[in-house]
Amino acid sequence: MARTTEEYQEIIRDLVDTLVDFATRHDLTTDEYIQALGFLTEVGRADEMILLGDVMYLSIAIDELTHRGRTRGTATNVEGPFYLPDNPLLEPPYRLCSFDEPGRPLVVSGRVTDAESGEPIAGAVLDLWQASADGFYEQQKPERGPNYLRGKVPVDPDGRFMFRTIVPASYEIPKEGPVGRLLEYLGRHAFRANHVHIKVFAEGYESLTTQIFFADNEWLRSDVVGAVKDDLVVELAEETDEVRAKEFEVRSPFFTAPCDISLRKGSLA
Ligand code: BEZ
Ligand code: FE
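The shown structure was predicted, so the numbers you read here are calculated from the model rather than taken from an experiment. (Residues numbered from 1 in each chain as written. Chains lettered and ligands numbered in written order. Predicted model: local features only at pLDDT ≥ 70, side-chain atom pairs only at ≥ 80, totals over all residues. Heavy atoms only, no water.)

Trainee: Help me understand the sheet that holds strand β9 (residues 233-234) in this model?
Mentor: Backbone hydrogen bonds are what pair the strands of a sheet, in a parallel or an antiparallel way. Taking strand neighbours across the sheet as the criterion, the 5 strands line up as β3-β2-β7-β8-β9 in an open arrangement whose pairing is mixed. Of all the strands in the sheet, just β3 (150-154) and β9 have a single pairing partner and so form its edges. (Pairing = 2+ DSSP bridges. Helix = DSSP H or I, 4+ residues; strand = E, 2+ residues; numbered from the N terminus.)

Trainee: What should I look at first to understand the site of ligand 1 in this one?
Mentor: Taken together, the neighbourhood of ligand 1 is formed by Asp54, Gly80, Pro81, Phe82, Tyr137, Tyr171, Ile173, Arg192, His195, His197, Gln211 and Val225. Here an oxygen atom of ligand 1 and a side-chain polar atom of Tyr171 are 2.4 Å apart. Side-chain polar atom of His195 to an oxygen atom of ligand 1: 3.3 Å apart, as the coordinates give it. Taken together, the residues of the shell around ligand 1 break down into 6 nonpolar, 4 polar and 2 charged. (Near = heavy atom within 4 Å. Polar contact = N/O pair within 3.5 Å; in protein donor to acceptor, adjacent residues only side chain to side chain. Nonpolar A, V, L, I, M, F, W, Y, C, P; charged D, E, K, R; others polar.)

Trainee: For this particular structure, what's the right way to read a nonpolar patch on the surface?
Mentor: Nonpolar side chains collect at one region of the surface, where Met56, Leu58, Ile62, Leu65, Tyr185 and Leu186 lie side by side and expose about 650 Å² of accessible area between them. With 3 residues, the top contributor of residues to the nonpolar patch is helix α4 (residues 58-66). As for its position among the elements, Tyr185 is in helix α5 (residues 178-185). Relative accessible area serves as the criterion here: at 74%, Tyr185 is assigned to the exposed category. (Patch = residues over 30% accessible without salt bridge, like charges linked within 9 Å, V, L, I, M, F, W, Y side chains within 5 Å. Areas by Shrake-Rupley, 256 points an atom, 1.4 Å probe, with all protein chains shown as cover. Salt bridge = Lys/Arg side-chain N within 4 Å of Asp/Glu carboxyl O. Buried < 20%, exposed > 50% of the residue type's maximum accessible area, 1.4 Å probe, protein only.)

Trainee: In this structure, what is going on with the nonpolar core? I would like to understand it.
Mentor: Nonpolar side chains tend toward joint burial in soluble globular proteins. Formed by 33 residues in total, the largest nonpolar core has its most connected members in Val112, Leu126, Phe161 and Ile261. Mapped by element, the contributors of at least two residues to this core are β1 (105-114), β2 (125-130), β4 (160-166), β7 (195-201), β8 (208-214), β11 (254-258) and β12 (261-263). Discounting chain neighbours no more than four positions away, the residues touching Ile261 are Thr74, Arg111, Val112, Thr113, Leu126, Phe161, Ile198, Val200 and Leu208. Ranked by size, the runner-up nonpolar core spans 21 residues in total, among them Ala131, Val179, Leu183 and Ala190. (Core = buried A, V, L, I, M, F, W, Y, C linked by side-chain atoms within 4.5 Å. Contact = heavy atoms within 4.5 Å.)

Trainee: Explanation requested: the coordination of the iron ion (ligand 2) in the structure shown.
Mentor: Each angle at a metal carrying four tetrahedral donors should ideally be 109.5 degrees, and each at a metal carrying six octahedral donors should ideally be 90 or 180 degrees. Those protein atoms acting as donors to the iron ion (ligand 2) are Tyr137 (OH), Tyr171 (OH), His195 (NE2) and His197 (NE2), and they sit at 2.0 to 2.3 Å. Mapping the donors of the iron ion (ligand 2) onto the primary sequence yields the spacing Y-x33-Y-x23-H-x1-H. On the criterion of sequence distance, the pair formed by Tyr137 in the loop between β2 and β3 and His195 in strand β7 is long-range, its members being 58 residues apart. (Donors = N, O, S within 2.8 Å, 3.2 Å for Na, K, Ca; no water.)

Trainee: Got a minute to help me understand the pattern of salt bridges in this structure?
Mentor: Oppositely charged side chains can form a pair if their charged atoms are brought close together. Going through the model one piece at a time under the given rule, you end up with 18 salt bridges. Across the salt bridge formed by Asp63 and Lys229, the nearest N and O atoms sit 3.9 Å from each other. Of this pair, Asp63 sits in helix α4 while Lys229 sits in the loop between β8 and β9, placing them 166 residues apart in sequence. Both residues of the pair, Asp63 and Lys229, belong to the buried class. The salt bridge partner of Arg144 is Asp134, with a shortest N-O separation of 2.8 Å. Of this pair, Arg144 sits in the loop between β2 and β3 while Asp134 sits in the loop between β2 and β3, placing them 10 residues apart in sequence. The class of Asp134 is partly exposed, set by a relative accessible area of 43%.

Trainee: How should I be thinking about the pairing of β2 in this particular structure?
Mentor: Within a regular strand, the side chains alternate between the two sheet faces. Among the 6 residues in β2, 5 count as buried, and that is most of the element. One ladder, built from 5 bridges, connects β2 with β3; its direction is antiparallel. Counterpart to Val125 in the pairing with β3 is Pro154. The pairing of β2 with β7 spans 6 bridges and is antiparallel. Across the sheet, the residue bridging to Asp127 is Lys199, located in β7.

Trainee: How should I be thinking about unusual backbone geometry in this particular structure?
Mentor: Only a minority of non-glycine residues have a phi that is not negative, and only a minority of peptide bonds are not trans. Geometrically, the link from Gly145 to Pro146 is a cis peptide bond, its omega value of 0 degrees lying close to zero. Mapped onto the elements, Pro146 comes out in the loop between β2 and β3. Of note, the amide linkage connecting Ser252 to Pro253 takes the cis form, showing an omega dihedral of -5 degrees. Even without glycine at this site, Asp27 takes up a positive phi of about 50 degrees. Note on placement: Asp27 falls in the loop between α1 (5-25) and α2 (30-45). If you check the backbone angles, Asn147 has positive phi at about 60 degrees while not being a glycine. Summarising the element assignment, Asn147 is placed in the loop between β2 and β3.

As far as function goes, none of this settles anything; it's purely spatial.
In structure tokens:
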């Protein structure tokens, strides 16, 4: 439910009190205050306010708060800055990239089910986007587009889906600007653990925005935006059988990853 103006006024008053308390506890000086304001101004000018919230782990914390109390259904995750709302509905065999895309071929498969009954959700559609094997999204390499490593995949009548792609790289978030400088100052790296972004839509269900991560990735425990959740980490299994590769219409050797998803009843919004 939307908050009232009075409630927002109270939140802002609390924020001010919190900031004054913070300044007092750290005995901040005017010079330090002016320096902090200068940094925030620079972040704004560089259009990095969202990125700042991401690396301060605020985005994932607020995503958690937004979905607090959910005891069922696949865990949510942040959307990040690379979602494009016009991802095309793909045709079988569902591929996010060409057969020859550089990288380790990957087949992701699973089932979309109702979080309470476990019944398949026949009308669900997955909306997918990811980075390449050299760590770029389409927006960063428009010459590789259109529709590079992104697209929508419908499930079959039994709620099952399968799509072909490549294992995404762990990539560094933009680090040339003020947020990158802050990370360096804090002795932090800029890597995101490799992941595939997934939204799932189905009539009569809450839409889900999440990401899947891959076991054994070196950045799982120190993801720069702190967004890795254990329940969203899937195993990669290597397959070297040429016949299986032919069956799956991918290069050999290839990897498979299981990805079952459950949705909560509700409205699409
Ligand atoms: C991403 O997942 O693509 C992302 C999320 C937060 C900041 C930067 C990138
Ligand atoms: Fe991402």
